[in-house]
Amino acid sequence: MRGVASAAGPPLLAAGVLAASALPPPAASLVPVLLFTGAALLVTGAALAAVPTASGRAARPVRPPVEGRWTVLNSPADRVPSHGTHAWGQTYAVDLVHDPADGGRPAFGTGRAFRPPADFPAYGRPLVAPDDAVVVTVRDGVRDHRSRSTRAALLLMAAEAPLREAGGARRVLGNHLVLDLGDGVYAVLAHLRRGSAVVRPGQRVRRGELLARCGNSGNSGEPHLHFQLMDRPAPRFAAGVPFVFTSGGDLPGSGGAVDV
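First, a word on scope: everything that follows refers to the structure included in this document.

How each quantity is defined
Residues numbered from 1 in each chain as written. Predicted model: local features only at pLDDT ≥ 70, side-chain atom pairs only at ≥ 80, totals over all residues. Heavy atoms only, no water. Core = buried A, V, L, I, M, F, W, Y, C linked by side-chain atoms within 4.5 Å. Buried < 20%, exposed > 50% of the residue type's maximum accessible area, 1.4 Å probe, protein only. Helix = DSSP H or I, 4+ residues; strand = E, 2+ residues; numbered from the N terminus. Contact = heavy atoms within 4.5 Å. Salt bridge = Lys/Arg side-chain N within 4 Å of Asp/Glu carboxyl O. Phe/Tyr/Trp six-rings, centres within 6.5 Å; stacked < 30°, edge-to-face > 60°.

**Quick word on the nonpolar core**
In step 1: Residues Phe227 and Leu229 are the most contacted members of the largest nonpolar core, which totals 33 residues.
In step 2: Secondary-structure elements contributing two or more residues to this core are strand 2 (69-73), strand 3 (94-98), strand 5 (133-139), strand 6 (175-182), strand 7 (185-192), strand 9 (210-213), strand 10 (225-230) and strand 12 (243-245).
In step 3: Sequence-distant contacts of Leu229, that is, excluding residues within four places in its chain, are made with Arg60, Val62, Gly89, Leu181, Val185, Tyr186, Ala187, Ala239, Gly240, Val241, Pro242 and Phe243.
In step 4: In this structure, Trp88, Leu173, Val178 and Ala238 belong to the second largest nonpolar core, which totals 10 residues.

**Let's talk about the side chain of His191**
In step 1: Mapping His191 onto the fold places it in strand 7.
In step 2: When sequence neighbours within four positions are dropped, the list of residues in contact with His191 reads Val172, Leu173, Asn175, Cys214, Gly215, Asn216, Ser217, Gly218, Asn219, Ser220, His224 and His226.

**So, unusual backbone geometry**
In step 1: Here the residue pair Val80 and Pro81 is connected by a cis peptide bond, since its omega of 5° sits within 30 degrees of zero.
In step 2: Note that Pro81 resides in the loop between strand 2 and strand 3.
In step 3: Although it is not a glycine, Asn74 adopts a positive phi angle of roughly 50°.
In step 4: The topology assignment puts Asn74 in the loop between strand 2 and strand 3.

**Some words on the pattern of salt bridges**
In step 1: Going through the model one piece at a time under the given rule, you end up with seven salt bridges.
In step 2: Across the pair Arg60 and Asp131 runs a salt bridge, and its minimum N-O distance is 3.4 Å. Pair noted here: Arg60 is in strand 1 (residues 60-62) and Asp131 is in the loop between strand 4 (126-128) and strand 5, with a separation of 71 residues, a long-range link. By the burial criterion, Arg60 is buried, and Asp131 matches it.

**Re the packing of aromatic side chains**
In step 1: Counted by the stated rule, this structure contains three aromatic pairs.
In step 2: Ring centres 5.2 Å apart and planes at 85° place the aromatic pair Phe227 and Phe243 in the edge-to-face group. Of this pair, Phe227 sits in strand 10 while Phe243 sits in strand 12; the two residues are 16 residues apart in sequence, bridging distant segments of the chain. Assigned by exposure class, Phe227 and Phe243 land together as buried.
In step 3: Measuring from ring centre to ring centre gives 5.6 Å for Phe243 and Phe245, while their planes differ by 50°; the resulting arrangement is tilted. The same class applies to Phe243 and to Phe245, which are both buried.
In step 4: Taken together, the ring pairs connect Phe227, Phe243 and Phe245 into an aromatic cluster.

Take a look at the structure:
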C-alpha cells in the first residue's frame, strides 16, 4: 500500500494541473478531485515511509478468533511481511476463510466474477475475542460488497487500491474492531459484516466472547477475516506484532487449515 500511494500521487497531481491549464471546462471540473486525491496519496506515502517495519516483539499467543474449520491465506509462515507490505500494521497478518470439510466454498475462477457474499460459507460466521481485552474501536457501517472471484475481477480490485488507500481505514479494513490486549498489543479484526458488531468502545470482553460476524467489507475479495496484532491502536501508523494460535502453535502456511 505504501508503494501504491507513493507512485499514484504524482500522476494524479500532474493530471490536475493539466486539466486546470490546458483542457476544456468539462475536464477542468475534475481539478479539485485530482489534486486532492494526488496530494492525499503523496502525504500517505510519505507518512507510511516513516512507519517502523516490525516491532521486534516475541510472538504473542492468542486464541483463534474463529470457530470451525478455516483455511489460512497470506500467512507469515510463507513470507514476512505476509501481505507484501508493512503498512497498516500488516507485517504478520493472516487472512482466514471458512472452508468446511464437506465443501461449500466456491472455487476461485469458477462461476460468476461478482458473487453475493452469502454464496460463501464464511459470511455471517461468528468472530470471537482472541484474549481478554478492552474494545478500542468499532466501525460497523460499511456495506458488504460482492466478491472478486476471477482474475479479471481481482485486477479491477487492484485498480481500486489507490482510492481505498486515500479513503483510510474505513475503505481498506471495512467494518473492523480494534482491541487492546494489554502490554502494548492491539488486535484488529477486519472485513466484518455490516451491523454485526455486538460490542462498543470501552467495553471489556472475555477471551472467546462473541464480537461480530464475518463479512466482505473494505478491501476484500471474498468474505473472510483479516486478523493481525500491532503495537498501537491506529493501524495506519502501527507496526505488526507476531503471534501464534494457542490451539495449534505456529501458524500454518497458506492453504493450511486451522480447526478450532
